[in-house]
Amino acid sequence: MSVSSPPVKATAPFPYIGLLSLAGAIFVSVTSEFLPTGLLPAMARDLGVGISTAGYLVTIFAGTVVVATTPLAALTQRFSRKSLIVVVLLVIAVANVLAAVAPTYAVLVIARILGGLAHGLFWAVVAAYSAHLVPAHQLGKAVAITAGGGTAAFVLGVPVGTAIGNALGWRTAFTVIGVVVALLALVIVKFLPPVNHHVEQKAGEVRVPLTRDPSFRSVILLCTVILIILTGQNTFYTYIAPWLTRVSSFEPSSIALVLFLYGGAGIIGLVGAGYAADRFPRKAFVGVVFGVMAAVLVLAMATTNTAVVLIAVIVWGAAFGGIPAMLQTRMLRTASFRTRDLAAALQTTAFNVGIGGGALLGGLLLDGIGLEILPFVMIVLVAAGLALSLATDTVRDRRERHRLREP
């Protein structure tokens, strides 16, 4: 794996334009990844498959990311980070157009695999990019800006894609996002500053394997936390559209609005994450995770009350909106400079194991038990992820106090 460059000087101007360009790229990539979420019923009908089978498209996409991310990151370590972002965005655009014209479910699977290959490499590069642009004390702010692209995908990308799919057909929605992705590749060419992601080896320096780096164990533990929490989230969120129409009392035409409210509320969580991640990251993380669990529990217990469900969805979106940015900021601070690119690849893998594993688990539970069980399973898994995070922090703090007491 390539290693990160030395810290950016604190006197350098804050790179708003570059970070906003990255946010735009993340917006189209995340929209492309989750576009099927709001279109599962229509896709299932058109392709002649069940809802759970259509939901497995999310699993297939994420599974491809899991398998391919680290090998692709290693193979491309010598290439320009900026050039790689442009190339993978163009591949994502092609994958979406192929999905739009897919005559069968099998061809659609191929399109999603192609998109997953590009998406995995995209995140392996982008996850560490902001750390090359800003000093350590500004990481929380920088990550919040780039993560805004992901939030915008849930606020605008997925809801608008869902609305387009409901009005003009799901194939049109995939075509539109393919065109938008290609346009964002041009924006990256114009506005994203290139970075040097290599660190020169000093004369006589012995290169220690990255897996023996002191930060590597903490990186793996944090990846485990990410995996568990994202699995819980996507066990339920992947099937939110059929849950809202079959378990709750929403009309199919209102799904886009509900997704819009969820994503819009996520902006609140993201703004809060940008502030909290640089000041009191642990307490803020615990608070938002408890917020997610409480909101989903209320949602699951009040399925027939439309107003309560809407409020719970908004709180869920606001609480969860800051979690990915907090986790990414923590990863960039946990990993040493030389392991940062490896950590980015592993983080991408963990996120997508969670996304794909959640979609798979949710589909199995949907077929075996029913949609009603999904929010409760999500709560249990998210709680387990939080418990591991707290236990890891406690052990690390005890070790640090013991080290400081040593003569």
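Residues numbered from 1 in each chain as written. Predicted model: local features only at pLDDT ≥ 70, side-chain atom pairs only at ≥ 80, totals over all residues. Heavy atoms only, no water.

Per the secondary structure count, the chain includes 15 helices and 0 strands. Within the span of the chain, comprising 407 residues, buried residues form 57% of the whole. (Helix = DSSP H or I, 4+ residues; strand = E, 2+ residues; numbered from the N terminus. Buried < 20%, exposed > 50% of the residue type's maximum accessible area, 1.4 Å probe, protein only.)

With 129 residues, the main nonpolar core has I85, L89, F122, F236, W243 and W316 as its most contacted residues. A total of 15 residues in this core trace back to one element, the largest contributor, which is helix α5 (residues 105-133). Among all residues touching W316, those that are not within four sequence positions of it are Q233, F236, Y237, I240, Y262, V292, A295, V296, L299 and M378. (Core = buried A, V, L, I, M, F, W, Y, C linked by side-chain atoms within 4.5 Å. Contact = heavy atoms within 4.5 Å.)

Turning to the environment of A144, a few remarks are in order. By secondary structure assignment, the location of A144 is in helix α6 (residues 139-168). Take A144: its relative accessible area is 12%, and that puts it in the buried class. Along the backbone, A144 and G269 are 125 residues apart, and their C-alpha atoms lie at a distance of 9.9 Å.

All right, on to the side chain of S389 then. Within the secondary structure, S389 sits in helix α15 (residues 374-405). Filtering out sequence-adjacent residues up to four positions away, S389 remains in contact with V225, F285 and R330.

This next bit is on the packing of helix α4 (residues 81-101) against helix α7 (residues 170-191). The geometry of α4 relative to α7 is characterised by a closest axis approach of 8 Å and an angle of 165° between their N-to-C directions. Here α4 lies roughly antiparallel to α7, going by the angle between them. As for the relative orientation of α4 and α7, their crossing is left-handed in sense. Counting all contacts with α4, which are made through K82, I85, V86, L89, L90, I92, A93, N96, A99, A100 and V101, the residues of α7 involved are W170, R171, F174, T175, I177, G178, V181, A182, L184, A185, I188 and V189. By residue class, the composition of the contact of α4 with α7 is 18 nonpolar, 3 polar and 2 charged. (Axes fitted to C-alpha atoms, helices over the stretch in contact; angles between N-to-C directions. Parallel < 35°, antiparallel > 145°, perpendicular 65-115°, else oblique. Left-handed = near helix turned anticlockwise from the far one by under 90°. Nonpolar A, V, L, I, M, F, W, Y, C, P; charged D, E, K, R; others polar.)

Using the criterion set out here, one finds 1 salt bridge in the structure. Among the salt bridges present, the one from D46 reaches R171, with a minimum N-O distance of 3.2 Å. Taken together, the positions of D46 in helix α2 (residues 40-47) and R171 in helix α7 put the pair 125 residues apart, joining distant regions of the chain. Judged by its relative accessible area of 43%, D46 is partly exposed. (Salt bridge = Lys/Arg side-chain N within 4 Å of Asp/Glu carboxyl O.)

Moving on, we come to the packing of aromatic side chains. For the structure on display, the rule yields 7 aromatic pairs. Look at W170 and F174: their rings are 5.7 Å apart centre to centre, the planes differ by 90°, and that puts the pair in the edge-to-face class. Of this pair, W170 and F174 both sit in helix α7, 4 residues apart, which is roughly one turn of that helix. Grouping residues by exposure puts W170 and F174 together as buried. (Phe/Tyr/Trp six-rings, centres within 6.5 Å; stacked < 30°, edge-to-face > 60°.)

The next point concerns helix α14 (residues 340-368). Over its 29 residues, α14 runs 41 Å from end to end, which matches the ideal 42 Å to within 8%, given 1.5 Å per residue. Of all 29 residues that make up α14, 22 are buried, and the element is covered over most of its length. The positive-phi residue at the C-terminal boundary of α14 is G370, with phi of around 135°. (Expected span 1.5 Å × (residues − 1).)

Looking at the element boundaries, V158 is found in helix α6. Note: C-alpha distance between V158 and V28 (130 residues apart in sequence) is 9.8 Å. Ignoring anything within four residues of it in the chain, the contact list for V158 reads T31, F34, A153 and L259.

Tracing the sequence through the fold places Y16 in helix α1 (residues 16-34). In sequence terms Y16 and L133 are 117 residues apart; their C-alpha atoms lie 9.9 Å from each other. If we skip the residues at most four places from it in the chain, Y16 touches K141 and I145.

As a general rule, the predicted coordinates of low-pLDDT regions are not to be interpreted in detail. Of all residues in the chain, 89% have pLDDT values of 70 or greater, and the mean over the chain is 83. Every residue in residues 1-7 scores below 50 in pLDDT, and together they form 37 contacts with partners more than four places removed in sequence or on other chains. Under a pLDDT of 50 for its full length, residues 201-206 has, in the predicted model, 2 contacts with residues more than four places off or in other chains. (pLDDT = per-residue confidence, 0-100.)

Looking now at helix α11 (residues 281-301). For α11, spanning 21 residues, the distance from its first C-alpha to its last is 31 Å, which sits close to the expected 30 Å at 1.5 Å a residue. All of the buried residues along α11 are A284, F285, V288, V289, V292, M293, A295, V296, L299 and A300.

Let's shift gears to the side chain of S52. As for its placement among the helices and strands, S52 is situated in helix α3 (residues 51-75). Within the local environment of S52, its side chain forms a polar contact with the side chain of D367, the two groups lying 2.9 Å apart. If near-sequence neighbours (up to four positions away) are discounted, S52 is found in contact with Y239, G363 and D367. (Polar contact = N/O pair within 3.5 Å; in protein donor to acceptor, adjacent residues only side chain to side chain.)

This paragraph deals with the packing of helix α8 (residues 216-237) against α14. Closest axis-to-axis distance for the α8/α14 pair is 7 Å, and the angle between their directions is 30°. Classified by the interaxial angle, the pair formed by α8 and α14 is roughly parallel. For the pair α8 and α14, the sense of crossing is right-handed.

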